[in-house]
Number of protein chains: 2
Amino acid sequence: MKTIKIGLLGLGNIGTGTYKTLEMNRDEIESTLNSKVEIVKILERDTERDRGIAVPKEKFTSDPDEIFKDPEIDIVIELLGGIEPATSFILKAMENGKHVVTANKAAIAANYHKLMETAQANNVLFRFEASVGGGIPILGTLTGPLRANKFEEVLGILNGTTNYILTMMTKEGVDYDTALKDAQAQGFAEADPTADVEGIDAANKLTILMALMFDKYVAPEDIPTTGITQITKEKIEEARANNCKIKLIAHAKKLENGEIEYEVRPMHISETHPLANINKEFNAVFVKGNAVDDLMFYGKGAGPLPTGSAVLGDVIDIAKTIL
Amino acid sequence: MKTIKIGLLGLGNIGTGTYKTLEMNRDEIESTLNSKVEIVKILERDTERDRGIAVPKEKFTSDPDEIFKDPEIDIVIELLGGIEPATSFILKAMENGKHVVTANKAAIAANYHKLMETAQANNVLFRFEASVGGGIPILGTLTGPLRANKFEEVLGILNGTTNYILTMMTKEGVDYDTALKDAQAQGFAEADPTADVEGIDAANKLTILMALMFDKYVAPEDIPTTGITQITKEKIEEARANNCKIKLIAHAKKLENGEIEYEVRPMHISETHPLANINKEFNAVFVKGNAVDDLMFYGKGAGPLPTGSAVLGDVIDIAKTIL
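Residues numbered from 1 in each chain as written. Chains lettered and ligands numbered in written order. Predicted model: local features only at pLDDT ≥ 70, side-chain atom pairs only at ≥ 80, totals over all residues. Heavy atoms only, no water.

Quick note on the threshold: UniProt positions are given in the numbering used here, feature names are shortened, and annotations may be inferred rather than shown by experiment.
Chain A is annotated in an unreviewed UniProt entry as Homoserine dehydrogenase from Lentihominibacter hominis. What UniProt states about chain A under its Sequence similarities (unreviewed entry) heading is, verbatim, "Belongs to the homoserine dehydrogenase family." Recorded in UniProt for chain A, the comment headed Catalytic activity (unreviewed entry) runs: "L-homoserine + NADP(+) = L-aspartate 4-semialdehyde + NADPH + H(+)".

The following block contains the structure:
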């Protein structure tokens, strides 16, 4: 029986979640593939931290070339986060003939063309389901079962931190600062929440969605983006008076003339719209296709195991192709 | 450039929707595949009806063997509906080496093992995304991007007719008979609504979901099934008093001991649950996986173009594999 061998870059929260998901569901995954799956090397300096998993010490390395140059490794999973060195590592893995899976929206959004071209030039597969919507299988669906559609519009709640804050402000009537502190205490917001609350994370994800849905690349910094820091209790109340909720929405729409309009900003969403009831840290993506009409996908947009589910779904997809 | 040649069984509402979807989105589909796609023969007696599409007369045949025995046809799409002769036709297509796509939940639910075994024995692909949830890409997602999960539970609003009736009873306060007549007038219920209102259609779909999620086949007639004919205005009001809505739910759950419990019946769904806000003819499937946690998929569970979207998604999937 063949073994699919994986090199893992980064054993932080998401890396650990992916490792755990593989251990937890190894039987299902291996019987689906009729093949063994093994994470054989892990790029990670911190070999001592208690992660709740038993990782044999000899799997750790601090030299990425030990992964890129290992002829036995089929797939590299990049879970370092951030644009660099992640992008360089992904490119180097591809140049060494490795298929690549990543959850890294910032790296993909910043370097979309370069990454796609390098994958193609090296004849390797590149998958990034976990980069948008976490565990929600949106990208594989858009590029798979929905491919017989022309896409017309997407409205996404793509950032759990901001959705948690807006939900608290709406349901508990607290102000922005109180809701942010609560989100930080609950682990839904980072100490420096800038990338989330200013809409940057959502813009990265919209860049990826637009590239796949409309074959149009717009750099995240070119997407008109407004975060939620100016949302007050009064604005929440004003929305409520109009039977609406305020949600941070990543929006793109194909116009009659073929152009795409796009933005990330807090919007009034009617209480009868399916997106209005997406609360707390949940994410949702509402898409409209010219045949399928309205669709919505809802689920956990972050977290170690949901993200691990998406990462390993990509691994299975690649393994099916190369086995 | 290769042409994927298709034989279509049935040019009723769904067949026409599939034909229209292909005409409408031919450019996208063909450029995705780098191949042409053509429906070359259609099994249909009624060659005169105005369907709003221009079908060359020479494509019609009344002899199914003209499709099964045509060595040029790669894929057979079965859209006749009903268990027979659809099942026999699907089997015969497979025995003649054709890959098969169908939307026929009744035929699959009744003959699941026979169909899967015949596909395997003849080394052909068999896809049926449209059979559950219409346009919602649930089956491909369960067997694709979510494959790294152990599934724990599914709760589905899988029948648009009954959901429309229950929505009217809840929102407009009308009784069952009035809501049924409205659904019939709107084209959401058939003249003989038995299969829908008695939960038989939902049970067929639950059979298919359980087979894919839990690798367990339960014949639809062995699923404890209660329809909505006994739902009164009083029961709707009683649910509302408990902050719930009544929905016809197809439910299956894996128990601690590994057994699956399953049923189709009207259930009280809390107003805060995502399924509570699925209204009118829309369908939704709520699934729980041990890694991804809660997910919900929402969309149009029926209709010519949404179903056409799912059928052609399957065609693209097969074409990618055989090209």
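### Quick word on the UniProt feature "domain: Homoserine dehydrogenase catalytic" (unreviewed entry) in chain A
Heads up, the condition is: Only DSSP runs of H or I with at least four residues qualify as helices, and only runs of E with at least two residues qualify as strands; both kinds are numbered from the N terminus onward.
When the UniProt feature table is mapped onto this chain numbering, "domain: Homoserine dehydrogenase catalytic" (unreviewed entry) sits at residues 137-316 of chain A. Regarding residues 137-316 of chain A, the helix share stands at 39% and the strand share at 25%, and the terminal C-alpha atoms are separated by 13 Å.

### What about the UniProt feature "binding site: L-homoserine" (unreviewed entry) in chain A?
All names here are of chain A. Basically, it comes down to this: Only protein chains enter the accessibility calculation, which uses a 1.4 Å probe; a residue whose area is less than 20% of its type maximum is buried, one above 50% is exposed, and one in between is partly exposed.
Residues annotated by UniProt as "binding site: L-homoserine" (unreviewed entry) correspond here to Glu 190. Tracing the sequence through the fold places Glu 190 in the loop between α9 (176-185) and α10 (194-197). Glu 190 gets classed as exposed once you look at its relative accessible area, which sits at 54%.

### Description of the domain arrangement of chain A
Residues and elements named next belong to chain A. Let me state the cut-off plainly: Residue ranges for the domains originate in an automatic or database domain assignment. Contacts were defined at the residue level, with two residues in contact if any of their heavy atoms lie within 4.5 Å. Buried area: the accessible area, evaluated with a 1.4 Å probe, that two parts lose upon being put together, summed over both parts.
According to the domain assignment, chain A consists of domain 1 (3-135 + 304-322) and domain 2 (141-300). Listed by partner, the interface residues are 14 residues for domain 1 and 13 residues for domain 2. Where domain 1 abuts domain 2, roughly 1,100 Å² becomes buried across the two surfaces, and 71% of that area is made up of carbon and sulfur atoms. Summed over the three residues of domain 1 that lose the most area to domain 2, namely Ala 109, Tyr 112 and Val 132, the buried surface amounts to 44% of that side.

### A look at the interface of chain B and chain A
Cut-off, in case you're wondering: Any carboxyl oxygen of Asp or Glu that lies within 4 Å of a side-chain nitrogen of Lys or Arg is treated as forming a salt bridge with it.
Across the contact, 39 residues belong to chain B and 39 residues belong to chain A. Across the interface of chain B and chain A, roughly 3,200 Å² is buried in total on both sides, 59% from carbon and sulfur atoms. Contact with chain A buries surface across chain B, with Pro 145, Ala 148 and Tyr 298 of chain B losing the most and accounting together for 17% of the total. On the surface where chain B and chain A come into contact, there are 4 salt bridges. Across the pair Asp 293 of chain A and Lys 300 of chain B runs a salt bridge whose closest N-O atoms are separated by 2.7 Å.

### Overview of the environment of Ala 179 of chain A
All names here are of chain A. If you trace the backbone, Ala 179 turns up in helix α9. Ala 179 gets classed as buried once you look at its relative accessible area, which sits at 1%. The spacing of Ala 179 and Leu 166 is 13 residues in sequence and 7.8 Å in space, taken between C-alpha atoms. Among all residues touching Ala 179, those that are not within four sequence positions of it are Ile 165, Met 168, Met 169 and Val 174.

### Focus on unusual backbone geometry
A cis amide bond links Glu 84 of chain A with the next residue in sequence, Pro 85 of chain A, at an omega value of 5°. With a phi angle near 55°, Asn 123 of chain B is a residue other than glycine that sits in the positive phi range. On the basis of relative accessibility, which here comes to 71%, the residue Asn 123 of chain B falls in the exposed class.

### Section: the relation of the copies chain B and chain A
For the pair of chain copies, the relating transformation is a rotation about an axis with a translation along it. What counts here: Superposing the copies works by least squares over the C-alpha atoms of residues that have pLDDT at least 70 in both of them.
Least-squares fitting of chain B to chain A yields an RMSD of 0.0 Å, with the superposition described by an axial translation of 0.0 Å and a rotation of 180°. Taken together, the rotation and translation relating the two chain copies correspond to the operation of a two-fold axis. For chain B, the smallest separation between a C-alpha atom and the rotation axis is recorded for Phe 297 of chain B, amounting to 2.4 Å.

### Quick look at the packing of helix α4 (residues 86-95) of chain B against helix α6 (residues 112-121) of chain B
The relative placement of two packed helices is expressed as an angle between their axes plus a distance between the axes. All names here are of chain B. Here is the rule: Helix axes use the C-alpha atoms of the stretch in contact, all axes being lines fitted to C-alpha atoms, and the angles between their N-to-C directions lie in the range 0 to 180 degrees. Any angle that falls under 35 degrees is termed roughly parallel, while one over 145 is termed roughly antiparallel, one within 65 to 115 roughly perpendicular, and all others oblique. Each crossing gets its handedness from the near helix: less than a right angle anticlockwise from the far helix is left-handed, clockwise is right-handed. By the convention adopted, Pro, Cys, Tyr, Trp, Phe, Met, Ile, Leu, Val and Ala count as nonpolar, Lys, Arg, Asp and Glu as charged, and the other residues, Gly among them, as polar.
Between α4 and α6, the shortest axis-to-axis distance is 9 Å and the interhelical angle comes to 15°. Here α4 lies roughly parallel to α6, going by the angle between them. Here α4 runs over α6; the crossing is left-handed. Every residue of α6 that contacts α4 at Thr 87, Ile 90, Leu 91, Met 94 and Glu 95 is listed here: Lys 114, Leu 115, Thr 118 and Ala 119. Considering only residue class, the contact of α4 with α6 consists of 5 nonpolar, 2 polar and 2 charged.

### Observations concerning the side chain of Glu 44 of chain B
Residues and elements named next belong to chain B. To keep it simple, the criterion reads: Pairing of N or O atoms within 3.5 Å defines a polar contact, subject to two protein rules: one partner must be a possible hydrogen donor and the other a possible acceptor, and residues neighboring in sequence count only if both atoms are side-chain atoms.
If you trace the backbone, Glu 44 turns up in the loop between β2 (36-43) and β3 (60-61). Of the polar contacts made by the side chain of Glu 44, one reaches the backbone nitrogen of Leu 11; its length is 2.8 Å. Those residues in contact with Glu 44 that sit more than four places away from it in its chain are Gly 10, Leu 11, Gly 12, Arg 51, Phe 60 and Thr 61.

### Regarding α4 of chain B
In terms of residue burial, α4 of chain B counts as a mostly covered element, since 7 of its 10 residues are buried. With its phi angle positive at about 80°, Gly 97 of chain B sits one or two positions after the end of α4 of chain B.

### A look at the sheet that holds strand β7 (residues 151-157) of chain A
Note the following rule: The criterion for strand pairing is that DSSP finds at least two bridges linking the strands in question.
In spatial order, the strands read β9(A)-β8(A)-β7(A)-β10(A)-β11(A)-β11(B)-β10(B)-β7(B)-β8(B)-β9(B); together these 10 strands make up an open sheet with antiparallel pairing. Both edges of this open sheet fall to β9 (260-270) of chain A together with β9 (260-270) of chain B, since each of them pairs with a single strand only. On average, adjacent strands in this sheet sit at an angle of 20° to one another, irrespective of strand direction. The strands that helix α12 (residues 233-241) of chain A touches are β8 (244-254) and β9 of chain A; relative to β8 of chain A, the one it contacts most, it runs at about 80°. Strand contacts of helix α8 (residues 160-172) of chain B: β7 (151-157), β8 (244-254) and β10 (282-289) of chain B, with the helix running at about 145° to β8 of chain B, the strand carrying the most contacts.

### With respect to the sheet that holds strand β1 (residues 3-9) of chain A
Residue and element names in this part refer to chain A. With parallel pairing, the 6 strands of this open sheet are ordered in space as β3-β2-β1-β4-β5-β6. The two strands at the open ends of the sheet, each matched to only one other strand, are β3 (60-61) and β6 (126-127). Pairing of strand β4 (residues 75-78) with strand β5 (residues 99-102), which is carried by 4 bridges, proceeds in the parallel orientation. Paired with Val 76 across the bridge in β5 is Val 100. Sitting on the sheet, helix α4 (residues 86-95) touches β1, β2 (36-43), β4, β5 and β6, and the angle it makes with β5 is about 155°.

### Focus on the packing of α8 of chain B against helix α12 (residues 233-241) of chain B
All names here are of chain B. The interhelical angle for the contact between α8 and α12, taken along N-to-C directions, is 70°, at an axis separation of 10 Å. Taken together, the axis directions place α8 and α12 in an arrangement best described as roughly perpendicular. Of α12, the residues touching α8 (which contributes Leu 166, Met 169 and Thr 170) are Lys 233, Ile 236 and Arg 240. Among the residues forming the contact of α8 with α12, the class breakdown is 3 nonpolar, 1 polar and 2 charged.

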